[in-house]
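Structural overview for review
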Amino acid sequence: MTALRFPRGLYGVTPEWDDTDRLLRAVTQAAAGGMRSLQLRRKDVPPATRRAQAAALAPLCRELGVVFLVNDHWEVALEVGADGVHLGRDDGDLAEVRARAPDLIIGASCYDDIGRARDMLQAGADYIAFGAVFPSPTKPAAVRAPLALFEQAAQLAQSRPAPRPAVVAIGGITPANAAMVAQAGADAVAVITGLFEASNIGLAARECARPFLPPRRDPPA
């Protein structure tokens, strides 16, 4: 299996919870179910709240073996010892962040735009994210990225030197449709509601991660 610069499989994205203890418990359950990476996404909170949650999650993720990223704020990622940052269209110049924080994993939102993905890879992105793939309760007005786009994205990522960048899908992904996205060419699925609002977070994580696991080989008879 091709080596990637970002973990294959389930990429959890935090819900807008203020209860940090609840969040830490949920992240632990998701990691037990197979979540490989996590993004702290707190858009409309005071900076101190965002930083406090980031500071609580960073050591937990290290303990759990989960790659930890902060949405938007690369300075916060550096301050708390996170592994990386996720940047949207309005979150700063990726090439500049790469120059100032060369060791961070950097992911980029590419929406439904393969041209933007090409530019982000040229600037040094470790993964390119497309979505919303399905209707998203978190961003109901988000542009839709069709499944057919992921074949193009996979070809683009595979043209880069190894270890290659990853292709991430986001938006409306659940245990019921994660396999469709994996089959379309995504290396990872970013999941918020379908994971953290599930009645059984560990089970939801296992079901979202399952399509990305290597096929099981039965021992010879």
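Parameters at a glance
Chains are numbered independently. Their residues run from 1 in the order of the written sequence. The model is predicted, so local features are restricted to residues of pLDDT at least 70 and side-chain atom pairs to those at 80 or more, both for listing and for counting; the totals for chains, interfaces and linings are taken over all residues. Values shown for side chains rest on all heavy atoms present in the structure; no hydrogens or waters enter the calculation. Under the scheme used here, helices are H or I runs from DSSP no shorter than 4 residues and strands are E runs no shorter than 2 residues, and both carry numbers assigned from the N terminus. Throughout, radius of gyration means the C-alpha value; the globule benchmark is 2.2 Å times the number of residues raised to the power 0.38. The buried label goes to any residue with under 20% of its type's maximum accessible area, the exposed label to any with over 50%, and the partly exposed label to all in between, with areas taken from a 1.4 Å probe on protein chains only. Whether two residues are in contact is decided by their heavy atoms, any of which lying within 4.5 Å being enough. In these tables, accessible area is a Shrake-Rupley quantity obtained with a 1.4 Å probe, and a residue counts as shielded only by the protein chains included in the view. As used throughout, the charge tally considers Lys and Arg to be positive and Asp and Glu to be negative, leaving His and the chain termini uncounted. Every charge is mapped onto a representative atom, which is NZ of Lys, CZ of Arg, CG of Asp or CD of Glu. Both site types are read off a 1 Å grid over the protein atoms alone. A 1.4 Å probe that fits but cannot get out defines a cavity, while an open set with protein on both sides within 12 Å along at least five of seven lines defines a pocket; lining residues have an atom within 4 Å of a point. Grid points are joined across faces, edges and corners, and a volume is the space filled by probe spheres set on the points. When residues are sorted by character, Ala, Val, Leu, Ile, Met, Phe, Trp, Tyr, Cys and Pro go into the nonpolar class, Asp, Glu, Lys and Arg into the charged class, and all the rest, Gly among them, into the polar class. The criterion for strand pairing is that DSSP finds at least two bridges linking the strands in question. Throughout, right-handed denotes a crossover for which the path from the first strand over the helix to the second runs clockwise when the strands point away from the viewer. Each residue after the first adds 1.5 Å to the expected span of a helix. Lines fitted to C-alpha atoms define the axes here, with helix axes fitted over just the stretch in contact, and angles between the N-to-C directions of these axes take values from 0 to 180 degrees. Oblique is the label for any angle not under 35 degrees, not over 145, and not in the 65 to 115 range, which are roughly parallel, roughly antiparallel and roughly perpendicular in turn. The handedness criterion is simple: a crossing whose near helix is rotated anticlockwise from the far helix by less than a right angle is left-handed, and one whose near helix is rotated clockwise is right-handed. UniProt positions are given in the numbering used here, feature names are shortened, and annotations may be inferred rather than shown by experiment.

1. Remarks on the overall build of the protein chain
Secondary structure assignment for the protein chain yields 9 helices and 8 strands. In terms of overall size, the protein chain behaves like a compact globule, its C-alpha atoms giving a radius of gyration of 16 Å where 221 residues would be expected to give roughly 17 Å. Taking all 221 residues of the protein chain together, 53% fall into the buried category. Contacts in the protein chain between residues at least 24 apart in sequence constitute 60% of all its contacts with a sequence separation of at least 6. Surface accessibility of the protein chain: about 10,400 Å² in total, with carbon and sulfur atoms responsible for 51%. Treating the 24 positive side-chain charges of the protein chain as one cloud and the 24 negative ones as another, the clouds have centres 5 Å apart.

2. Looking at the layout of surface pockets
For the largest pocket, the calculated volume is near 620 Å³. Taken together, 37 residues make up the lining of the largest pocket; nearest its centre are R41, S109, Y111, K139 and I170. Secondary-structure elements contributing two or more residues to the lining of the largest pocket are strand 1 (9-13), strand 5 (105-111), strand 6 (127-130), strand 7 (166-170), strand 8 (188-191) and helix 8 (193-196). Here the lining of the largest pocket is built from residues that sort into 17 nonpolar, 13 polar and 7 charged. By volume, the second largest pocket amounts to about 200 Å³.

3. Brief notes about the pairing of strand 8
The alternating pattern of strand 8 places A188 and A190 and V189 and V191 on opposite faces, both of which are buried. As paired strands, strand 1 and strand 8 are joined by 4 bridges and run parallel to one another. In the strand pairing of strand 8, Y11 is matched with A190. Handedness of the crossover is the feature at issue here: the chain leaves strand 7, passes through helix 7 (residues 178-184), returns alongside strand 8, and the resulting connection is right-handed.

4. Brief notes about helix 2 (residues 47-64)
With 18 residues, helix 2 should reach 26 Å at 1.5 Å per residue; the first-to-last C-alpha distance of 25 Å fits that figure. Taken as a whole, helix 2 has its buried residues at R50, Q53, A54, L57, A58, L60 and C61. Check the buried side of helix 2 and you find it contacts helix 1 (20-32), strand 2 (35-40), strand 3 (67-71) and helix 3 (74-80). Directly beyond the C-terminal end of helix 2, a positive phi value near 75° is found at G65.

5. As for the packing of helix 1 against helix 9 (residues 201-209)
Describing two packed helices takes the angle between their axes plus the distance from one axis to the other. Orientation of helix 1 relative to helix 9, taken along the N-to-C sense of each, is 40°, at an axis distance of 7 Å. Taken together, the axes of helix 1 and helix 9 lie oblique to each other. Crossing angle aside, the handedness with which helix 1 passes helix 9 is right-handed. Residues A26, Q29 and A30 of helix 1 touch helix 9, and the partners they reach there are I201, G202 and A205.

6. Considerations on the sheet that holds strand 2
The strands that make up a sheet pair up through hydrogen bonds in the backbone, lying either parallel or antiparallel. Strand order in the closed barrel formed by 8 strands is 1-2-3-4-5-6-7-8, and the pairing between neighbours is parallel. Each strand of the sheet is rotated relative to its neighbour by a mean of 25°, with strand direction disregarded. Pairing of strand 1 with strand 2, which is carried by 4 bridges, proceeds in the parallel orientation. Across the sheet, residue V13 finds its bridge partner in strand 2, namely Q39. Across the face of the sheet, helix 5 (residues 114-123) comes into contact with strand 4 (84-87), strand 5 and strand 6 while running at roughly 165° to strand 5.

7. Points about the UniProt feature "binding site: Mg(2+)" (unreviewed entry) in the protein chain
Look at the UniProt record and you will see "binding site: Mg(2+)" (unreviewed entry) annotated at D72 and D91. The annotated residues occupy 20 residues of the chain but converge on a single region, no pair of C-alpha atoms lying more than 5.5 Å apart. Among the annotated residues just listed, those lining the largest pocket are D72 and D91. One can find D72 in the loop between strand 3 and helix 3. Using a relative accessible area of 15% as the deciding quantity, one classes D72 as buried.

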